[in-house]
Amino acid sequence: MISKCIRDVWCRAFVLAMVGLAMPSQVAFAQVSGIDAPPYEQQLMRLSEIFGALHFLRPLCKENDATSWRDRMEDFLDAETVEENRRRRFIERFNQGYRGFSVAYRECTDAARIAMVQYLNEGETIISDVTSRYGR
């Protein structure tokens, strides 16, 4: 039983790593196309990805949030974006976060719960860092 769990975790980690390998080109695109981007742009891109992952994971694990993570992403987009290309980049990162986990998980597992906690913590850290450093 434990070896199956370990094997599943490693399989999921492999899939997530492969998804992660596809991201550097899009990060480079965001950096090239966002010449006037704020200094915290990459942190906000990561936050968009976290919102997407949580939008998939929270319902999968039967977590009933007051508002959906998609709604939170919409609020974030309304507050942060005016320029359409920038908005599209944030949406793409949200979708990457969602797809990355939807490929790896069909049911809630211990690894999914751990990922959820880590993403919630990372998102909180990003929000705290950006607001304290840049007054947003």
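Here goes a summary of the coordinates provided. Predicted, not measured: the structure shown is a model, and the values here were computed from it.

Turning next to the packing of aromatic side chains. Describing an aromatic ring pair means giving the distance of the ring centres and the angle of the ring planes. Applying the stated criterion to the full structure yields 7 aromatic pairs. Measuring from ring centre to ring centre gives 4.9 Å for Tyr40 and Tyr134, while their planes differ by 50°; the resulting arrangement is tilted. You can see Tyr40 sitting in the loop between α1 (2-33) and α2 (41-60) and its partner Tyr134 sitting in helix α5 (residues 110-134), a full 94 residues away along the chain. With relative accessibility at 6%, the residue Tyr40 sits in the buried group. Cluster of aromatic residues (ring-pair linked, three or more members): Phe51, Trp69, Phe76 and Phe90. Lying across the ring of Tyr119, Arg46 places its NZ or CZ 5.1 Å from the centre. Positioned above the aromatic ring of Trp69, the side-chain terminus of Arg72 is 4.1 Å from the ring centre.

We now examine the state of the cysteines. One pass over the full model with this rule turns up 1 disulfide. Residue Cys61 pairs covalently with Cys108 via a disulfide, S to S 2.0 Å. Sign of the S-S torsion, about 95° for the bond between Cys61 and Cys108, identifies this disulfide as right-handed. Taken together, the residues Cys61 in the loop between α2 and α3 (69-80) and Cys108 in the loop between α4 (84-104) and α5 connect sequence positions 47 residues apart.

Over its 20 residues, α2 extends 29 Å from the first C-alpha to the last, a length consistent with the 28 Å expected when each residue adds 1.5 Å. Helix geometry: α2 is bent most strongly at Leu54, by close to 25°. Of the residues one or two after α2, Lys62 is the one with positive phi, at around 60°.

Running from N to C, α2 and α5 point in directions that differ by 150°, and their axes come no closer than 9 Å. By the angle between their directions, the pair α2 and α5 is classed as roughly antiparallel. Two packed elements cross with a definite hand, and for α2 against α5 that hand is left-handed. Facing Gln43, Arg46, Leu47, Ile50, Ala53, Leu54, Leu57 and Arg58 of α2, the residues of α5 in contact are Ala112, Ala115, Met116, Tyr119, Leu120, Glu122, Gly123, Ile126, Ile127, Asp129, Val130 and Tyr134. Grouping the constituent residues of the contact of α2 with α5 by class yields 14 nonpolar, 2 polar and 4 charged.

The rules behind these values
- By convention here, each chain's residues receive numbers from 1 onward along its written sequence.
- Residues qualify for local features only when their pLDDT is at least 70, as the model is predicted, and side-chain atom pairs are given and counted only at 80 or more; totals for whole chains, interfaces and linings, by contrast, use all residues.
- By convention in this description, side-chain values take in all heavy atoms of the structure and omit both hydrogens and water.
- Pairing of aromatic rings covers Phe, Tyr and Trp, the last counted by its six-membered ring, and requires centre-to-centre distances within 6.5 Å; plane angles under 30 degrees mean stacked, over 60 mean edge-to-face, and any other angle means tilted.
- The secondary structure listing takes helices from DSSP runs of H or I that are at least 4 residues long and strands from runs of E that are at least 2 residues long, numbered from the N terminus.
- Residue exposure (1.4 Å probe, protein chains only): buried if accessible area is under 20% of the type maximum, exposed if over 50%, otherwise partly exposed.
- In this scheme, Lys NZ or Arg CZ marks a charge over a ring once it lies within 6 Å of the ring centre and within 35 degrees of the ring normal.
- Any two cysteine sulfur atoms lying within 2.5 Å of each other are counted as a disulfide.
- What a helix is expected to span follows from its residue count: subtract one and scale by 1.5 Å.
- Each residue is assigned a bend, namely the angle between axes fitted to the seven residues that terminate at it and the seven residues that start at it.
- Lines fitted to the C-alpha atoms define the axes, with helices restricted to the stretch that makes contact. Angles between their N-to-C directions range from 0 to 180 degrees.
- When describing relative orientation, an angle under 35 degrees is termed roughly parallel and one over 145 degrees roughly antiparallel, while 65 to 115 degrees is termed roughly perpendicular and anything else oblique.
- We call a crossing left-handed when the near helix sits turned anticlockwise from the far one by less than a right angle, and right-handed when that turn is clockwise.
- For this analysis, residues touch if any pair of their heavy atoms sits within 4.5 Å.
- Put simply, Ala, Val, Leu, Ile, Met, Phe, Trp, Tyr, Cys and Pro go in the nonpolar bin, Asp, Glu, Lys and Arg in the charged bin, and everything else, Gly too, in the polar bin.

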